[in-house]
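# A closer look at the structure
If you want the building blocks of each chain, they are given just below.
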Amino acid sequence: MILTDTHTHLYYETDIDKRKQLLERCLENKVSRLFLPNVNSETITLLNGLVADYPEYCFPMLGLHPCDVQQNYHAELEAIFRAIEAQKVWAIGEIGIDLYWDKSTLKIQEEAFRTQIQWAKNRKLPIVIHCREAFDEVYNILLDEKDDTLRGIFHCFTGTGEQADKIIGLGFYLGIGGVLTYKNSGLDKVLAGLDLQHIVLETDSPYLSPVPFRGKPNESSYLIYIAKKVAEIKNIPLEEVAKITTNNSKSIFGI
């Protein structure tokens, strides 16, 4: 059985011994494919360091997180673009729009989002989208940018069935994480009506820990709890969930 964590910030752990233990726990829980989304220019070195240490398990993605789109965003984009040109990446991400913390930066968030979508199109890469309290803004940009090359993952999907259908209609996958295990999230009911061909699994570690670890730091090894919840909702074996979602990740990333 192979589980794929399509979104983990495992590189935030810089203690070598602790990081090794995190990887060992992943492998114990059959989580052997880890896709790492970048946040800003400063995290590129951390991310690449982890990939260099564990190239058989860790795969880099580079992009500018919407919360890091500030007045210096042109310089940030330039630094990230140079890194993308200098190395192999499997997606552009995480990118998107976040209006939870700061609505005043919407315009420049939109500009940065569109710029990075073009990077992905030019390189025939998927995008990994961060969207928080900005579904309409993100969806309208995706509609505007839609062509045969636009594809990717809607990371940390927690929306409605109608929103899920819209995303799937664009050819995107839904990233399902720890929120699925929360008692009153409602995401279980949405997932019940979805075909697993449209979803991938993720932890977003160290954030959004699933039950029974809610409120504690998340880690990629906990992906198995998310997969078990999917299996429970769909009434299918855990191995089938792993097979379908890992195959979906291979379709997206090409590895």
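Sequence order as written defines the numbering, with residues in each chain counted from 1. In view of the model being predicted, local features appear only for residues whose pLDDT reaches at least 70, and side-chain atom pairs are presented and counted only at 80 or more, with totals across whole chains, interfaces and linings using the full set of residues. No hydrogens and no water enter the side-chain calculation; it runs on all heavy atoms of the structure.

## Observations concerning the sheet that holds strand E3 (residues 58-61)
Here is the rule: Whether two strands pair depends on DSSP finding at least two bridges between them. Helix and strand assignments come from DSSP, with helices taken as H or I runs of at least 4 residues and strands as E runs of at least 2, each series counted from the N terminus. Angles shown run from 0 to 180 degrees and are taken between the N-to-C directions of axes, each axis being a line fitted to C-alpha atoms and, for helices, limited to the stretch in contact. The contact criterion used is simple: two residues touch if any of their non-hydrogen atoms lie within 4.5 Å.
Ordered in space as E1-E2-E3, the three strands form an open sheet in which the pairing is parallel. In the strand order of this sheet, the two ends are held by strand E1 (3-5) and E3, each with one partner. Ignoring which end each strand starts from, the neighbouring axes of this sheet average 15° apart. Sheet contacts for helix H2 (residues 43-53): strand E2 (31-37) and E3; angle to E3, the most-contacted strand, approximately 155°.

## Quick look at the nonpolar core
Which entries qualify depends on this criterion: Residues enter a nonpolar core if they are buried and are Ala, Val, Leu, Ile, Met, Phe, Trp, Tyr or Cys, with the set joined through side-chain atoms within 4.5 Å. Throughout this description, buried means an accessible area under 20% of the type-specific maximum (1.4 Å probe, protein chains only), exposed means over 50%, and partly exposed covers the range between.
Of all hydrophobic cores here, the largest spans 75 residues; its most connected members are Phe113, Ile127, Leu142, Phe154, Leu174 and Leu201. Filtering out sequence-adjacent residues up to four positions away, phenylalanine 113 remains in contact with Ile95, Gly96, Ile97, Ile127, Ile129, Val138, Ile141 and Leu142. Within the second largest apolar cluster, 11 residues are counted, among which are Met61, Ala91, Ile252 and Phe253.

## A short note on a nonpolar patch on the surface
So the rule is basically this: Residues forming no salt bridge and having over 30% relative accessible area are the ones grouped into patches, like charges within 9 Å of each other and nonpolar side chains (Val, Leu, Ile, Met, Phe, Trp, Tyr) within 5 Å. Surface exposure here means Shrake-Rupley accessible area, sampled with a 1.4 Å probe, where a residue is shielded only by the protein chains that are shown. We count a salt bridge whenever a side-chain nitrogen from Lys or Arg sits within 4 Å of a carboxyl oxygen from Asp or Glu.
Side chains of Tyr12, Tyr207 and Leu208 sit close together on the surface and give an oily, nonpolar patch of about 250 Å² of accessible area. Assignment of secondary structure puts tyrosine 207 in the loop between strand E8 (199-201) and helix H8 (223-234).

## Some thoughts on the packing of aromatic side chains
The criterion, for reference: Here a Phe, Tyr or Trp ring, Trp counted by its six-membered ring, pairs with any other such ring whose centre lies within 6.5 Å, and the pair is stacked when the planes are under 30 degrees apart, edge-to-face when over 60, and tilted otherwise. Placement of a positive charge over a ring is assigned whenever Lys NZ or Arg CZ falls within 6 Å of the ring centre and within 35 degrees of the normal to the ring plane.
Under the criterion given, the structure shown has 13 aromatic pairs. Taking the centre distance of 6.4 Å and the plane angle of 80° together, the rings of tyrosine 12 and tyrosine 207 count as edge-to-face. Taken together, the residues span a long stretch of sequence, with tyrosine 12 in the loop between E1 and helix H1 (16-28) and tyrosine 207 in the loop between E8 and H8 at a distance of 195 residues. Their ring planes at 10° and their centres at 5.7 Å tell us that phenylalanine 135 and tyrosine 139 sit as a pair that is stacked. Here tyrosine 139 and phenylalanine 135 lie together in helix H5 (residues 135-145), a separation of four residues that amounts to about one turn. In this structure, phenylalanine 135 and tyrosine 139 share a single accessibility class: buried. Here the aromatic cluster, defined as three or more aromatic residues joined through ring pairs, consists of Phe35, Phe59, Trp90 and Phe253. Its end group placed over the ring of tryptophan 90, lysine 88 keeps NZ or CZ at 4.3 Å from the ring centre. One cation-aromatic arrangement involves arginine 214 over tyrosine 182; the distance from NZ or CZ to the ring centre is 3.7 Å.

## Details of the environment of lysine 229
Considering the arrangement of structural elements, one finds lysine 229 in helix H8. A C-alpha to C-alpha distance of 9.4 Å links lysine 229 and glycine 178, two positions 51 residues apart in sequence. Setting aside residues up to four positions removed in sequence, lysine 229 forms contacts with Leu180 and Thr181.

## Observations regarding the confidence of the model for the protein chain
Keep this limit in mind: A residue's pLDDT is the confidence the predictor assigns to it, expressed on a 0 to 100 scale.
Within the protein chain, residue pLDDT values average 98, and 100% of them lie at 70 or more. The lowest-confidence element of the protein chain is H1, averaging 97 in pLDDT; the highest-confidence one is E1, averaging 99.

## Things to note about the pairing of E2
For the record, the criterion: When the strands point away from the viewer, a crossover counts as right-handed if the route from the first strand across the helix to the second turns clockwise.
Most of E2 sits out of view: seven of its seven residues are buried. Looking at chain direction, E1 and E2 are connected through three bridges and run parallel. By the bridge assignment for E2, aspartate 5 is matched with leucine 34. A crossover connection joins E1 to the parallel E2 through H1; in handedness this β-α-β unit is right-handed. In terms of strand pairing, E2 meets E3 through four bridges, oriented parallel. Bridge pairing in E3 links phenylalanine 35 to phenylalanine 59.

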